[in-house]
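These are the residues of each chain, in order.
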Amino acid sequence: MIDYLSLKRITDLHAAEITAAVNRVVGSGWYLQGQETQQFEAEYAQYIGTKHCITCGNGLDALSLILRAYMELGCLKEGDEVIVPANTYIATILSITENRLVPVLVEPDINTLELDERLIKQAITPKTRAIMLVHLYGRCAYTPLITELCQHHKLLLLEDNAQAHGCYYKEKRTGSLGNAAAHSFYPGKNLGALGDAGAVTTDDEALAKTIRSLANYGSSRKYEFTFKGRNSRMDEIQAAVLRVKLPYLDEENRRRKEIARLYQSAIHHPKITITADNDCDNVYHIFPILCPDRDEMQLYLREKGVGTMIHYPIPPHQQQAYHEWNNRHYPLTERIHREELSLPCNPTMTDDDCKYIIEQINHYPSNF
Ligand SMILES: Cc1ncc(COP(=O)(O)O)c(C=O)c1O
């Protein structure tokens, strides 16, 4: 059986070092706001190429804290509009509504599955204050036109980099392309912790300070509270684990790219669309294919011993949580959610695994 993703096998890639790091923290007697977190923040900021990295509890908190901090700084206010892809993981949109901002959902380019830059301009209104880009599936969604639009309309450019650690746009990493970026280190991510963890990267010192305080009950000095904050902190064990894994991230992303190339060059089936790659250095957190009989294809692959996933079966605007949007239509987003199937793509896979998967897909009966 080729699992879609075995976290055990991912951890086993660096098991001895991870165990030593965890033991180091256990033995230190210091579990929060210590050396490991501080060092990880410095190392990750350097990796992404920003002045600041502020760790927090998870990716949703990272997104939410960015927006909340901009509200505290007077750059955003209740009711302001944030442009966001309609086909994203719901956390991106939750962070916007949680802050009483208004998500303006924009359809993706069906060729790349990333936000369609041509549709952004017509979504901008006098209330628009930010664009929240999502580098979905580990592929860079940035285009220079987006910066032009942000500059022209005085909009913040925010990045949801939960799925794209290590991805480049030209010589800059995603996570350093706009005003601020959110990162998730959920265990299954390219850089994954052994539990929940997240971070914000930014060059903006005032924003960094505000986020650090908001994530620590609104306090920058013990028992003095500037904001009505929350508790969202990465613990020392997660920071120590991430410090072990960060130096291997580029190498592991290279393996993901090799696997993606194998799929791209060898999958040939009349029913399957392999979405187009842009010319960025993408990191393939997820390798999506589109297939009109996706559910049958998933069953077929399961019978052949190949695990797959769906990212994601129901789009945000059709969720019960957003019942007020249920009668809206985003046809491309709906098609993606109907047809998307994610193939295994991770650094524990061998070439033989990939060849087997490709063979099975190419032999999928067209008349299934
Ligand atoms: C695009 C995207 N944004 C945000 C998140 C939220 O991150 P977390 O699960 O760490 O809260 C995730 C992942 O789960 C994600 O894939």
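Conventions adopted
- Residues numbered from 1 in each chain as written.
- Predicted model: local features only at pLDDT ≥ 70, side-chain atom pairs only at ≥ 80, totals over all residues.
- Heavy atoms only, no water.
- 1 Å grid on protein atoms, 1.4 Å probe; cavity = no way out; pocket = protein on both sides within 12 Å on 5 of 7 lines; lining within 4 Å.
- Points joined across faces, edges and corners; volume = space filled by probe spheres on them.
- Nonpolar A, V, L, I, M, F, W, Y, C, P; charged D, E, K, R; others polar.
- UniProt positions renumbered as here; feature names shortened; annotations may be inferred.
- Helix = DSSP H or I, 4+ residues; strand = E, 2+ residues; numbered from the N terminus.
- Contact = heavy atoms within 4.5 Å.
- Domains from an automatic or database assignment.
- Salt bridge = Lys/Arg side-chain N within 4 Å of Asp/Glu carboxyl O.
- Polar contact = N/O pair within 3.5 Å; in protein donor to acceptor, adjacent residues only side chain to side chain.

1. Re empty space enclosed by the protein
One way to see where empty space is left: roll a probe the size of a water molecule over the atoms. Tallied over the full model, the rule gives one cavity of 30 Å³ or more. Roughly 50 Å³ of internal volume is contained in the largest cavity. What lines the largest cavity is I2, D3, L5, S6, R9, N346, T348, M349 and D353. The residue inventory of the lining of the largest cavity, partitioned by class, reads three nonpolar, three polar and three charged.

2. Concerning the UniProt feature "modified residue: N6-(pyridoxal phosphate)lysine" (unreviewed entry) in the protein
Per the UniProt record, the feature "modified residue: N6-(pyridoxal phosphate)lysine" (unreviewed entry) sits at K189. Turning to its location among the elements, K189 is positioned in the loop between β8 (180–184) and β9 (198–202). Not counting the four nearest positions on each side in its chain, K189 is found in contact with A162, Q163, H165, S184 and H285.

3. Some details on the environment of L341
Residue placement: L341 occurs in strand β14 (residues 340–343). It is 15 Å that separates the C-alpha atoms of L341 and P270, two residues lying 71 residues apart in sequence. Residues contacting L341, with those up to four places away along its chain left out, are F287, P288, I289, R294, M297, Q298, L301, T308, M309 and I310.

4. Side note on the domain arrangement of the protein
Along its sequence, the protein is carved into domain 1 (7–107 + 114–247) and domain 2 (249–362). Taken over C-alpha atoms, the centre of domain 1 sits 24 Å from the centre of domain 2. Facing 35 residues of domain 1, the contacting portion of domain 2 comprises 35 residues. The tally of links between domain 1 and domain 2 comes to one salt bridge. Taken together, the links from domain 1 to domain 2 amount to 23 residue pairs in polar contact (both at pLDDT 80 or more). Of all elements in the fold, only α1 (7–12), α5 (90–98), β3 (102–106) and β6 (168–169) reach the threshold of two or more residues within the side of domain 1 that touches domain 2. The dominant element in the side of domain 1 that touches domain 2, judged by the number of residues it contributes, is α5, at four residues. Across the side of domain 1 that touches domain 2, the residue classes break down as 19 nonpolar, ten polar and six charged.

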